[in-house]
Amino acid sequence: MHLDPFELHQPTSLDATVGLATELAGKFDYLAGGTDLLPNYKMHLNLRPHLIALDLVPELKGRSVGRLGAMERLADLEQDAALRRAYPVLDDALREVATPLVRASGTVGGNLLVETRCFFFNQSYFWRASLGFCLKADGDRCHVVPQKERCYATFSGDLAPALMALDAEVELAGAGGRRRVPVGGLYDAAGDGIRRTTLRPGEIVVAVHLPPSAEGSRGRYKKLRVRPSYDFPELGVAVAGRWTRERVDSLRIAVGGVETYPRRFDELTDPLIGGPLDDERVNGLAEEIGRRLRPVHNTFLLPDYRKRMIPVFVRRALREAREGNAA
Ligand SMILES: Cc1cc2nc3c(=O)[nH]c(=O)nc-3n(C[C@H](O)[C@H](O)[C@H](O)COP(=O)(O)OP(=O)(O)OC[C@H]3O[C@@H](n4cnc5c(N)ncnc54)[C@H](O)[C@@H]3O)c2cc1C
Ligand code: SF4
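Because the structure is a prediction, the values reported are computed rather than measured.

**Student:** Now, about the pattern of salt bridges: what can you tell me, with residues and values included?
**Tutor:** Per the stated rule, a full pass over the model turns up 37 salt bridges. One salt bridge in this structure joins Arg180 and Glu169, with 3.4 Å as the shortest N-O distance. Here Arg180 is found in strand S6 (residues 177-182), whereas its partner Glu169 is found in strand S5 (residues 169-174), with 11 residues between them in sequence. The partner of Asp270 in a salt bridge is Arg252, with the nearest N and O atoms 3.7 Å apart. Taken together, the residues span a long stretch of sequence, with Asp270 in the loop between helix H10 (266-269) and helix H11 (279-292) and Arg252 in strand S10 (residues 248-256) at a distance of 18 residues. Asp270 gets classed as partly exposed once you look at its relative accessible area, which sits at 42%. The network of salt bridges with shared partners includes Asp167, Arg252, Arg264, Asp266 and Asp270.

Here it is, written out as structure tokens:
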């Protein structure tokens, strides 16, 4: 596998980046750490002739307890004691991304926008050609759910569920100005699974903002993967909130690694506010979340197994968060 030639652009300000994106509309990708994009390019997946590198854009850098710049490296966040104390669920999730080497280059923005996964897609050009390609790249049908309209590739980022559980927002910049959306709103759940985000053409992720209410919340992220030192999630459960033995004051659960988009289950957790987080409620919640999610057969582990693991992992995450890290 080789990397085809592309033209590399290195803007040095956010305005210049947005200007360039407008000029090259439809013909470029942003390049952050490159740990996802460049392996995909080597497999000839949806190549563009231009790459806009983001490492010289100062507005995308910098971190505090309330703001994570899009170009912050995951390894640096992982070492930040203030962040680890403030958000245990994020601390867990960061440590579960890929390997230390990948985290040394991988960034917050790149992780939120990591390509979805499917074993008919993440393959070399020749492998895919032998099967006639698929909807998501170069073809016109899906090998997982045979039809011609929708892609079911699996959402495989670890940070998004954790940030969704913390009520975080993403700051975006584009030709139309700046805006903020909840992290969950970044993903186009009503879409066709191919164009996987709600980003407008050329829009860039500037930063993630965490609300003051999330600081000091309890939390846990539990991940199912084949090789614990390396692999993408086959299931990722994030739990965050505040509670005492007698009373839940806030609770969010978000799940990734199962469907095409990460999902949060406020309709199930909101009714628990004000009551105790006892075993009966934990079990009920875990089973119901398991019932609502539908994995398909496009990752290493069989969908039936992944589905059966959902309540197990939700229960584990909730119990560990309940009994573990301090309020
Ligand atoms: C061996 C291996 C294992 C991995 N395991 C995991 C895993 O377990 N969990 C996991 O979550 N990920 C995993 N990854 C994927 C990836 O390494 C990480 O998600 C990483 O955080 C991606 O960040 P990056 O900066 O390298 O993104 P890049 O590869 O540079 O970019 C990824 C995508 O995001 C877009 N992009 C990047 N930054 C911005 C921005 N600021 N605004 C708009 N678009 C942007 C790019 O155009 C591209 O489409 C793995 C990768 C490898 C190679
Ligand atoms: S789910 Fe279907 S369309 Fe999507 S990547 Fe897999 S085979 Fe292709």
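**Student:** So, the sheet that holds strand S3 (residues 50-53): which residues are in play, and what are the values?
**Tutor:** Strands sit in the order S1-S3-S2 across an open sheet of three strands; the sheet is parallel. Among the strands making up the open sheet, the edge pair consists of strand S1 (7-9) and strand S2 (28-31). Going across the sheet, the axis of each strand differs from the next one's by a mean of 25 degrees, ignoring polarity. Sheet topology note: the S1/S3 ladder contains three bridges and is parallel. Note that in S3 the partner of Glu7 across the bridge is His50.

**Student:** Help me get a handle on the site of ligand 2, residues and values and all.
**Tutor:** Close contacts around ligand 2 come from Cys118, Phe120, Phe121, Cys134, Leu135, Lys136, Cys142, His143, Val144, Cys151, Tyr152 and Ala153, and that covers them all. For the shell around ligand 2, the residue count by class is 10 nonpolar, one polar and one charged.

**Student:** Provide a residue-level description of the pairing of strand S9 (residues 235-243), including the pertinent values.
**Tutor:** Every other side chain in a regular strand lies on the same face of the sheet, so the side chains alternate between the two faces. Among the nine residues in S9, eight count as buried, and that is most of the element. Two elements, S9 and S10, share eight bridges in a ladder whose sense is antiparallel. Of the residues in S10, the one forming a bridge with Val239 is Ile253. Count of turn residues in the S9/S10 antiparallel hairpin: four residues.

**Student:** Mind laying out the sheet that holds strand S4 (residues 67-69), listing which residues take part and the relevant values?
**Tutor:** Strand pairing in a sheet relies on backbone hydrogen bonds, with the paired strands running either antiparallel or parallel. With respect to topology, four strands assemble into an open sheet ordered S4-S7-S5-S6, the strand pairing being antiparallel. Edge positions in the sheet fall to S4 and S6, since each has one partner strand and no second. Across the sheet, the mean angle separating the axes of adjacent strands is 25 degrees when strand polarity is ignored. The pairing of S5 with strand S7 (residues 204-209) spans five bridges and is classified as antiparallel. Pairing of Glu171 across the sheet is with Ala207, part of S7. Sitting on the sheet, helix H1 (residues 14-23) is in contact with S5, S6 and S7, with an inclination near 135 degrees to S7.

**Student:** Outline H1, listing residues and values.
**Tutor:** Every buried residue of H1 is accounted for by Leu14, Thr17, Val18, Leu20 and Ala21. Axial view of H1: buried residues confined to an arc of 160 degrees, hence all on one face. Facing away from the buried side of H1 by over 90 degrees, the exposed positions are Asp15 and Glu23. On the buried face of H1, the contacting elements are S1, S2, S3, S5, S6 and S7.

**Student:** An account of the site of ligand 1 is requested, with residue identities and associated values reported.
**Tutor:** The environment of ligand 1 is made up of 31 residues, and the closest members are Tyr30, Gly34, Thr35, Thr107 and Asp158. Separating a nitrogen atom of ligand 1 from a side-chain N or O atom of Asp158 is a distance of 2.7 Å. Taking 980 Å² as the accessible area of ligand 1 by itself, protein coverage stands at 92%. Those elements giving two or more residues to the shell around ligand 1 turn out to be helix H7 (108-112) and S7. Tallying contributions element by element places H7 first for the shell around ligand 1, with three residues.

**Student:** Talk me through unusual backbone geometry; I want residue IDs and the actual numbers.
**Tutor:** Although it is not a glycine, Asn46 sits at a positive phi angle of roughly 50 degrees. Its place among the elements puts Asn46 in the loop between helix H2 (37-42) and S3. Looking at Asn46, the relative accessible area reads 34%, which means it is partly exposed. Of note, the phi angle at Phe133 is positive, near 60 degrees, even though the residue is not glycine. Residue position: Phe133 is located in the loop between helix H8 (125-131) and helix H9 (159-165). According to the relative accessible area criterion, Phe133 is buried, its value standing at 15%.

**Student:** Please give an account of the packing of H11 against helix H12 (residues 303-323) that cites residues and values.
**Tutor:** Put simply, H11 and H12 touch, their axes get as near as 8 Å, and they point 145 degrees apart. As H11 packs across H12, the resulting crossing turns out to be right-handed. Note on element contacts: H12 touches H11 through Lys307, Ile310, Pro311, Val314, Arg315, Leu318, Arg319 and Arg322, opposite Asp279, Val282, Asn283, Leu285, Ala286, Glu287, Ile289, Gly290 and Arg291. Looking at the contact of H11 with H12 residue by residue, the classes come out as eight nonpolar, two polar and seven charged.

Cut-off values and rules
Residues numbered from 1 in each chain as written. Chains lettered and ligands numbered in written order. Predicted model: local features only at pLDDT ≥ 70, side-chain atom pairs only at ≥ 80, totals over all residues. Heavy atoms only, no water. Salt bridge = Lys/Arg side-chain N within 4 Å of Asp/Glu carboxyl O. Helix = DSSP H or I, 4+ residues; strand = E, 2+ residues; numbered from the N terminus. Buried < 20%, exposed > 50% of the residue type's maximum accessible area, 1.4 Å probe, protein only. Pairing = 2+ DSSP bridges. Axes fitted to C-alpha atoms, helices over the stretch in contact; angles between N-to-C directions. Near = heavy atom within 4 Å. Nonpolar A, V, L, I, M, F, W, Y, C, P; charged D, E, K, R; others polar. Contact = heavy atoms within 4.5 Å. Arc of directions from axis to C-beta. Polar contact = N/O pair within 3.5 Å; in protein donor to acceptor, adjacent residues only side chain to side chain. Areas by Shrake-Rupley, 256 points an atom, 1.4 Å probe, with all protein chains shown as cover. Left-handed = near helix turned anticlockwise from the far one by under 90°.

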